[in-house]
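The primary structure of each chain is shown beneath.
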Amino acid sequence: MGFAELAALSNFSFLRGGSHPEEYAVRAADLGLHALAIADVNSVSGIVRAHSELRRIAREIAARRAADADLHGPPRPAHIPPAPRAPIFTCPRLLPAARLVFPDGLEMIALARTREGWGNLCRILSKGQLRAEKGQCLLALEDLLSHAAGLELVVLSDRNAHFPPHHAGAWHNALPQLAARFAGHIWLALTPYYDGQDALRFAAIARRAEALSLPLVASGAPMMHHARRRRLVDVLSAIRKGIRLVDLGRHAQVNAEQRLRSLSQMRRLFHDYPRALAATRLIARRCQFQLDQLRYEYPSEISDGETPQSRLERLAWKGLAWRYPRGIPERAQTLMTHELALIDKLGYAPYFLTVHDVVAFARGRGILCQGRGSAANSITCYALGVTSVSPEIGTMVFERFVSEARDEPPDIDVDFEHERREEVIQWIYTRYGRHRAGICATVIHYRGKRAIREVGRAMGLSEDILSALSSQIWGSWGSGELQDARLREIGLDPDNPHLRLVMDLVGQIIGFPRHLSQHVGGFVITEGRLDALVPIENATMEDRTIIAWDKDDIDALGILKVDVLALGMLSCLRKSFDLLRGHYGRDFDLATLPAEDGRVYDMLCKADSLGVFQVESRAQMNFLPRMRPRSFYDLVIQVAIIRPGPIQGDMVHPFIRRRNGEEAVEFPSDALGAVLRKTLGVPLFQEQAMQIAIVGASFTPTEADALRRALATFKKKGHVSEFRARFLRGMQNNGYDPDFAARCFAQIEGFGAYGFPESHAASFALLVYASAWIKCHYPAVFACALLNSQPMGFYSPAQIVRDAQAHGVEVRPVCVNLSAWDHTLEPDGTGALALRLGLRQIRSLSEEDAHWVVAARGNGYLSPRDLWRRAGLSQKPLRALAEADAFAALGFDRRAALWELRGLGPAQDLPLFARDLEGEAHNEATPNLPQMTEGEAVIEDYASLRLTLKRHPVAFLRGKLSPNWVARL
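Within each chain, residues carry numbers counting from 1 in the order of the written sequence. The predicted nature of this model means local features are confined to residues of pLDDT at least 70 and side-chain atom pairs, given and counted, to a pLDDT of 80 or more, with totals for whole chains, interfaces and linings taken over all residues. As a rule here, side-chain values cover all heavy atoms of the structure and leave hydrogens and water aside.

Moving on to the pattern of salt bridges. Take a side-chain nitrogen of Lys or Arg and a carboxyl oxygen of Asp or Glu: if they are within 4 Å of each other, that pair is a salt bridge. In total, this model carries 54 salt bridges according to the counting rule given. Residues Glu152 and Arg113 are paired through a salt bridge, measuring 2.9 Å at the closest nitrogen-oxygen approach. Of this pair, Glu152 sits in strand β6 (residues 151–156) while Arg113 sits in the loop between β5 (107–112) and α3 (115–130), and the two are 39 residues apart along the sequence. Throughout, exposure labels follow a simple rule: accessible area from a 1.4 Å probe, protein chains only, divided by the maximum for the residue type, with under 20% read as buried, over 50% as exposed, and the rest as partly exposed. Classification of Glu152 by relative accessible area gives buried; the value is 0%. The salt bridge partner of Lys134 is Glu537, with a shortest N-O separation of 3.4 Å. Strands are runs of DSSP state E lasting at least two residues, helices are runs of H or I lasting at least four, and both sets are numbered from the N terminus onward.

As structure tokens, this is what we get:
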């Protein structure tokens, strides 16, 4: 018979619901519910989580039934008793829904009866969210009335439903209009509040329903999947209201009754209203729409009457001829033919065209970009200009990423200059329209420090205790003895009941969603209206709109995502290419830089890599002399090997020993040798980890894909260890030594901490080589571009300047007559180029004020007073220029320039009232200002410019740092 819960509130009703959607799904299956609606406040953000969990439960039930059928097989003789069977439950159906909350307090559950109804629900939510600030939703009743088709409406009453109408709330007044518009598809809900007034409340609602000829329906309106979450729900309420738990008052839960209930429990609650209980099943039968029915349609990308496939083929072959101007190699032609045929068969041509069009726009604007990700390292993407890495570099097979077995869209990430990515984002919005394009959401979850601070404040802990607790968070907090030991270290008693309750609540809230943010650049683009697929809302950033689902949700539903990402090194490289073109007449891009330059590798082998992409960290610098890269693929390995995954998996030292000939390179089988040959038998890439599972442990494509997902979601789930038994069993069945199998899985487990795909490493290695090549051959160009791209990387401008000087680059100071906003290059008189520091280096000087300085100087300024009169700057930017010693070339040191500025008025006078300031200046006595010492000048340099071109600060102390200096102390 069953019962359908129509109003479950999950923790995606942020700081309200006390349970994950997945927990509701599991609990609903345990209780034998017929159906479940996750109905969050003005949101469908958590619904895909419940959908995915219920699909998993359905698969488990199907597998259990199949096993049960095999066990009991053919009919048994009558004298043989049947074997005992484990109970098999049916999987509840998910009813897609949302709780619509209007500004006047009116609340109702809107359930999607059909695909049209789902589209209307998304449109209603989008309208309310787009007219409000981020995180808010301002619904109007007209939104609902104008998009009523395909919806089933359950109107919720409030606590005052049993009072006279003028006390009964907005629901009482809106019912007649809603009853007329949703005739036959509107219900009045009976929801208990467990306050002793439910009988009176139910009777009043029943009378109101009878007067309007509305049917009743029952709902427990749960806020938690289990009663044990009651305390956590109260803590969430306290956090939401910004008060302590003890001050929550009537907003606290009086009991733990608002939980998910079984049919028998609901019968006891609604024994006087059996029809209301039966109505839940009727509504569930009416609501046949499921999220599996959503059909995502790629933008067609048809142009000039061509089909997407014919257009892709034309562009791809044209691009291949561009990549190989001396003739297309036979292998490249074979690869292209094969890839295009597979793309055609799977219908992915529009996706590749979308990425191509985005990249073509960027290139047309002079925005440097570089594709990476699985399919980016294909010959098709290479020909389309999406990536500059030839697919011959790596070992990837195209079917590993675009295959019939996986039936998933390929993954192509495109990095753009970090300073100009917004141009690309706004072009996408303009090209496709905001009704067809939106950025994925990112769910911000509670982690250790935030959980302790917010729960601790709600529970009344003092700020010093919260600071002490937060200081103990690194990695995972731990539990049991480890947690108790850390508490004792900071002087707290782990046996204190209040503190133990706080820590228990912290453990429960970790992983709860806190709010939605925007993905770093994952765009969902549709052929039809995006807001008929998923609700759209405003982002915090201006001119950005996002969808309600994150990347895991859209992956679960098979929805396309194009990643438009930002990378600071691309800004640096593009500026480097511009400088090379302007000063040397050399026209380079990522694909045309001279390859395999020995001088570049010599430089890297010496760890001379400050500022070079990906290999500038101390760990990378320490490893470069040991790795001694001599080829591009060595750089691919260099990028991938210094990561937590390979380090924790003990891959680094075996690889170096084998590379140096200190250890024999052996393969346990020819099959694994084909997988690991290029990395000397040591798995360094995610792709190799998966191939080991397939080749060595006989993983099926489905199991391999599950392992891939576990490796890709390590930060959230970390389920790699669940595959251990299956992996070891498979390796043993294939004849591999158990110790070797255990070592292999330990290495694969390392990727659960941080594994790097070979496809990404190859794309990054190209940027390593490009930045290293420019640094090696044109250090002034590289330093100038790097400084103009700040903030980025590991190093401050002071370190970049010192490194440039060490490479023979003359660096010249900021000057009001010679500096632009950006750092520039100018002839140094010897045929080389000197680096002139730009005005951007000055603290407290805005770009707008700097542009006024440049625009008004003409043939040059004569004095600080002259600059003030011509540029019209206020005292603040003038003082910033003086403190940066920018007037030194005019004969005014810092103190003289500041003294000159003290006599200026607040603004330039109009000509009619102008005074003879120059004459007055001649009549004033010039003070005898003491000269600054070099040490004082260095201090002022760092204060105003964050760097100095004078001696290093330690140079002033070097004489005191003798062996006897400590003894003298």
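Once you've had a look at it, read on.
What follows deals with the nonpolar core. Counting residues in hydrophobic clusters, the biggest one holds 123 residues, and the most contacted among them are Leu100, Trp118, Leu144, Leu178, Ile428 and Trp549. Looking at this core element by element, the count peaks at nine residues for helix α12 (residues 349–364). As used in this record, nonpolar core signifies buried Ala, Val, Leu, Ile, Met, Phe, Trp, Tyr and Cys residues forming a set joined through side-chain atoms within 4.5 Å. If you look at the next biggest cluster of nonpolar residues, it comprises 106 residues, including Tyr601, Val639, Val768 and Ala783.

The buried count for strand β11 (residues 437–445) comes to seven of nine residues, which makes it a mostly enclosed element. We treat two strands as partners when DSSP finds at least two bridges between them. Sheet analysis places β11 next to strand β12 (residues 513–525), joined by eight bridges and oriented antiparallel. When the sheet's bridge partners are listed, Gly438 is paired in β12 with Val524. Across two bridges, β11 lies against strand β14 (residues 545–550) in parallel orientation. Considered in β14, the bridge of Ile439 is made with Ile546.

Examined against the element boundaries, Ser944 turns out to sit in helix α39 (residues 934–945). Reaching out from Ser944, the side chain makes a polar contact with the backbone oxygen of Glu883 at a distance of 3.2 Å. We call two residues contacting when some pair of their heavy atoms lies within 4.5 Å. Not counting residues up to four positions away in its chain, the partners in contact with Ser944 are Gln841, Ile842, Arg843, Glu883, Ala884 and Arg894. Any pair of N or O atoms that falls within 3.5 Å is considered a polar contact. Within protein, one atom must be able to donate a hydrogen and the other to accept it, and sequence-neighbouring residues count only if both atoms are side-chain atoms.

Moving on to the sheet that holds strand β16 (residues 811–812). Spatial strand order, β16-β18-β17: three strands in an open sheet with mixed pairing. With partners counted over all chains shown, the strands left at the sheet margins are β16 and β17 (824–827), one partner each. Strand direction decides the pairing type here: β17 and strand β18 (residues 833–836), joined by four bridges, are antiparallel. Bridged to Thr824 within β18 is Arg836.

The subject of this paragraph is the confidence of the model for the protein. The pLDDT score gives, residue by residue, the confidence of the prediction method on a 0 to 100 scale. Summing up the model confidence of the protein, the mean pLDDT is 85 and the portion of residues at 70 or higher is 87%. Predicted confidence in the protein is weakest over helix α38 (residues 917–923), with a mean pLDDT of 44, and strongest over strand β2 (residues 35–38), with 96. Below a pLDDT of 50 lies the segment residues 76–88, which in the model reaches twelve contacts outside its immediate sequence neighbourhood of four places, other chains included. Contacts of residues 713–718 to residues separated by more than four positions or lying in other chains number eight contacts, the stretch itself having pLDDT below 50.

Under the pairing criterion, centres of Phe, Tyr and Trp rings, with the six-membered ring standing for Trp, must be within 6.5 Å; the plane angle then separates stacked pairs below 30 degrees from edge-to-face pairs above 60, leaving the rest tilted. Counted by the stated rule, this structure contains 17 aromatic pairs. Relative to Phe289, the ring of Trp118 lies with its centre 5.7 Å away and its plane at 25°, an arrangement referred to as stacked. One end of the pair, Trp118, is in helix α3; the other, Phe289, is in the loop between α9 (274–286) and α10 (308–323), and 171 residues separate them in sequence. In this pair, the class of Trp118 matches that of Phe289, namely buried. Here a set of aromatic residues connected by ring pairs shows up, and it is made of Tyr584, Phe588, Trp773 and Tyr778.

Once that is clear, we can look at the packing of helix α7 (residues 230–241) against helix α18 (residues 497–509). Convention adopted: a line fitted to C-alpha atoms gives each axis, helices being fitted over their contacting stretch, and angles between N-to-C directions are expressed from 0 to 180 degrees. For the pair α7 and α18, interaxial distance at closest approach is 10 Å and the crossing angle is 85°. When the axis of α7 is compared with that of α18, the two are roughly perpendicular. The segment α7 lies against α18, with Arg231, Leu232, Val235, Leu236 and Ile239 engaging Leu501, Leu505, Gln508 and Ile509. Each residue belonging to the contact of α7 with α18 can be placed in one class, and the counts come to seven nonpolar, one polar and one charged. Oblique is the label for any angle not under 35 degrees, not over 145, and not in the 65 to 115 range, which are roughly parallel, roughly antiparallel and roughly perpendicular in turn. Under the scheme applied, nonpolar residues are Ala, Val, Leu, Ile, Met, Phe, Trp, Tyr, Cys and Pro; charged residues are Asp, Glu, Lys and Arg; polar residues are all the others, including Gly.

All right, on to helix α23 (residues 632–641) then. When you tally the buried positions in α23, you get ten out of ten residues, the bulk of the element. Those residues of α23 not exposed but buried are Phe632, Tyr633, Asp634, Leu635, Val636, Ile637, Gln638, Val639, Ala640 and Ile641.

So, about the sheet that holds β5. Ordered by their spatial adjacency, five strands build an open sheet running β4-β5-β6-β7-β8, and the pairing between neighbours is mixed. Only two strands of the sheet have a single partner each, and these edge strands are β4 (97–101) and β8 (216–218). Averaged over neighbouring strand pairs, the angle between their axes works out to 30° when direction is ignored. Here strand β7 (residues 186–190) runs beside β8; their pairing, made up of three bridges, is parallel. In the strand pairing of β8, Ala189 is matched with Val217. Contacts from helix α6 (residues 198–211) reach β7 and β8, with the element oriented near 165° to β7. Relative to the sheet, α9 contacts β5, β6, β7 and β8, its axis offset from that of β8 by approximately 90°.

Quick look at empty space enclosed by the protein now. We place a 1 Å grid over just the protein atoms. Points where a 1.4 Å probe fits but has no way out form a cavity, open points with protein on both sides within 12 Å along at least 5 of 7 lines form a pocket, and any residue with an atom within 4 Å of a point lines it. Grid points are joined across faces, edges and corners, and a volume is the space filled by probe spheres set on the points. All told, the structure shown has two cavities of 30 Å³ or more when counted by the stated rule. Lining the largest cavity, in full, are Leu610, Lys775, Pro779, Phe782, Ala783, Leu786, Ile800, Asp803, Ala804 and His807. For the lining of the largest cavity, the secondary-structure elements that each account for two or more residues are α32 (779–788) and α33 (797–806). Residue contributions to the lining of the largest cavity peak at four residues, all from α32. Among the residues forming the lining of the largest cavity, the class breakdown is seven nonpolar, one polar and two charged. What the second largest cavity holds in volume is close to 50 Å³. Every residue along the wall of the second largest cavity is listed here: Gly611, Glu616, Leu786, Gln790, Met792, Gly793, Phe794, Tyr795 and Ile800. In the lining of the second largest cavity, the residues fall into five nonpolar, three polar and one charged.

Among the surface-exposed residues, Val954, Leu957 and Leu961 lie close enough to one another that they form a single nonpolar patch of about 250 Å² accessible area. Turning to its location among the elements, Leu961 is positioned in the loop between α39 and α40 (965–968). Each patch is built from residues that are more than 30% exposed by relative accessible area and take part in no salt bridge. Like charges join if they lie within 9 Å; nonpolar side chains (Val, Leu, Ile, Met, Phe, Trp, Tyr) join within 5 Å. In this description, accessible areas are obtained by the Shrake-Rupley approach with a 1.4 Å probe, and a residue is regarded as covered only by the protein chains that are shown.

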